[in-house]
Every structure is written in C-alpha cells, then in structure tokens.
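Descriptive analysis of the structure
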Amino acid sequence: MTKNIAVLVGSLRNGSFTKQIANNFVKLLPEGFEPTFVEIGNLPLYNQDFDDEGNVPAEYTEFRATMEKMDAVMFFTPEYNRSVPAVLKNALDVGSRPYGASVWDKMPAVIVSASTGAISGFGANHHLRQSLVFLNMPVVQQPEAYLGGVTDMLNDNGQVTNEGTLGFFQSIVDAFVDLVNRY
Ligand SMILES: Cc1cc2nc3c(=O)[nH]c(=O)nc-3n(C[C@H](O)[C@H](O)[C@H](O)COP(=O)(O)O)c2cc1C
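Predicted model, so just to flag it, every value in this text is computed and none were measured.

Roughly 350 Å³ of internal volume is contained in the largest pocket. Elements supplying a minimum of two residues to the lining of the largest pocket: helix 4 (86-95) and helix 5 (122-134). Looking at the lining of the largest pocket residue by residue, the class counts come to five nonpolar, five polar and four charged. As for the second largest pocket, its lining consists of Ser11, Arg13, Ser16, Phe17, Thr18, Pro78, Glu79, Tyr80, Ala114, Ser115, Thr116 and Val150. For the lining of the second largest pocket, the residue count by class is five nonpolar, five polar and two charged.

Written out as structure tokens, the structure reads:
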C-alpha cells in the first residue's frame, strides 16, 4: 500500500537551499513512498480564537485535511537565529489544534536541518525535535541529519552529486522508511 509522505520545508525563499536539499532527498525514497510538498507559507499566524469561535481560515482547514491523509512527514528546516523558522513552527501549531484533534499524533517523522554555515542547523533541529516530543511523534534518532555548508553540496542545478553525500542521505531515508514501516 502506498505511503503518503508529507514534505514540509521551513523556507519560503524561491532559491531555498533547504528546498533543494529536500528535492534531493525525496528522490531517494523507495517505490510506494509518495512525497507531497505541502504548502505552509499561506497559513495565517495561529490564533486560537479562529478555532474557539468557529471562524477557521480555509487555509487551516485545507492544511489539516491534507495532513490527515499523510502517513508520515519529512521536515527540512533551515535555522533562523538558532531556532526553527516561524513558518514551520506555525504549521506545527495550526496542525496541533483544535485540542484533541492534532494531525501530528503518532505520525512518524524525520528532521533534516540545513545551513550554509558550519553549525548545520543543530539549534533548529533540536528545537523542532522538542515540539515533536510533545506532539507524540516518533522521530528518526539515528543517523542525525545536520547538514552544514549546503552550498558546497549543491551544483548549479540544485543537485547533489557527491556519492558519499548521497550515501549519507540514503542512510537517513532508509532509517525513516524503517520507522514508517513499523507504524
Ligand atoms: C532570519 C535569519 C536568521 C538566520 N539565522 C541563522 C542561524 O541561526 N544559524 C545558521 O546557521 N544560519 C542562519 N541564517 C542563515 C541561513 O542558514 C541561510 O540564510 C540559509 O540559506 C537559509 O536557508 P534557505 O536557503 O533554505 O532559505 C539565518 C538567516 C536568516 C534569514
């Protein structure tokens, strides 16, 4: 049976390196794992009044319905000021409510952080991980996916060609596939 895999990218930038990295990762998924890049840049900032007053933005409804159909999620995040970009945190918050109807509960996930710098988005990776613990999501633990110096990994077409790097990416995808197949 096909596994529907949501791909959430924490950068809205057209030329986003993180998005390019995500594109390289999804190519490594095996047959039967169907990736969908889910839009999160259109979600209004979470406001609990929308849910409490039954005035839910159409974008929330669509996002929640899309995520309900997913079997697992791959997060690709840059690091903003040593943390998760607001757009990604907002998507987590929107999907987590209304209370008791979280789309994230028990959904397997993997986190890949990417940075142009050397620290590899470690802060973003672990701040995101902290939220996923609370959201009751099983997350790939090893291998840890901190990607530093991403501009050196990507060619002008946004492709990763280095065999060693691709092998590392594949090991992360394999661990994710294992996790998804266990749920
Ligand atoms: C608001 C902002 C904050 C940033 N903070 C960090 C940071 O804490 N650590 C880091 O490694 N890079 C930081 N950067 C640099 C990003 O790694 C770099 O802009 C990267 O290209 C963003 O990912 P993208 O190419 O997918 O948009 C920051 C960039 C922005 C715009």
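There is more to say, and it comes next.
Relative orientation of the contacting elements helix 3 (residues 58-68) and helix 4 amounts to 80°, with a least axis distance of 10 Å. Overall, the two elements helix 3 and helix 4 adopt an arrangement that is roughly perpendicular. The residues of helix 4 that touch helix 3, namely those facing Tyr60, Phe63 and Arg64, are Ala91, Val94 and Gly95. Of the residues in the contact of helix 3 with helix 4, the class split is four nonpolar, one polar and one charged.

Let's shift gears to the nonpolar core. Counting 31 residues, the largest nonpolar core has Ile21, Phe25, Phe76 and Phe176 as the members making the most contacts within it. Secondary-structure elements contributing two or more residues to this core are strand 1 (3-9), helix 1 (17-26), strand 3 (72-77), strand 4 (109-114), helix 6 (150-153) and helix 7 (163-182). A per-element tally of this core places helix 7 first, with eight residues. Among residues more than four places away in sequence, those in contact with Ile21 are Phe76, Leu147, Val150, Met153, Leu154, Val160 and Phe169. One finds Tyr60, Trp104, Met107 and Met137 within the second-largest nonpolar core, a separate group that totals 27 residues.

Regular strands place their side chains on alternate faces of the sheet. Counted residue by residue, strand 1 has five buried out of seven residues, so it is predominantly covered. In the sheet, strand 1 pairs with strand 2 (residues 33-37) via five bridges, with the strands oriented parallel. Within strand 2, the position partnered with Asn4 by the bridge is Glu34. Handedness of the β-α-β unit built from strand 1, helix 1 and strand 2 comes out right-handed. Sheet topology places strand 1 next to strand 3; five bridges connect them, and they run parallel. Bridge pairing links Ile5 to Ala72 in strand 3.

Reading the values: rules and limits
Residues numbered from 1 in each chain as written. Predicted model: local features only at pLDDT ≥ 70, side-chain atom pairs only at ≥ 80, totals over all residues. Heavy atoms only, no water. 1 Å grid on protein atoms, 1.4 Å probe; cavity = no way out; pocket = protein on both sides within 12 Å on 5 of 7 lines; lining within 4 Å. Points joined across faces, edges and corners; volume = space filled by probe spheres on them. Helix = DSSP H or I, 4+ residues; strand = E, 2+ residues; numbered from the N terminus. Nonpolar A, V, L, I, M, F, W, Y, C, P; charged D, E, K, R; others polar. Axes fitted to C-alpha atoms, helices over the stretch in contact; angles between N-to-C directions. Parallel < 35°, antiparallel > 145°, perpendicular 65-115°, else oblique. Contact = heavy atoms within 4.5 Å. Core = buried A, V, L, I, M, F, W, Y, C linked by side-chain atoms within 4.5 Å. Buried < 20%, exposed > 50% of the residue type's maximum accessible area, 1.4 Å probe, protein only. Pairing = 2+ DSSP bridges. Right-handed = clockwise from strand over helix to strand, strands pointing away.

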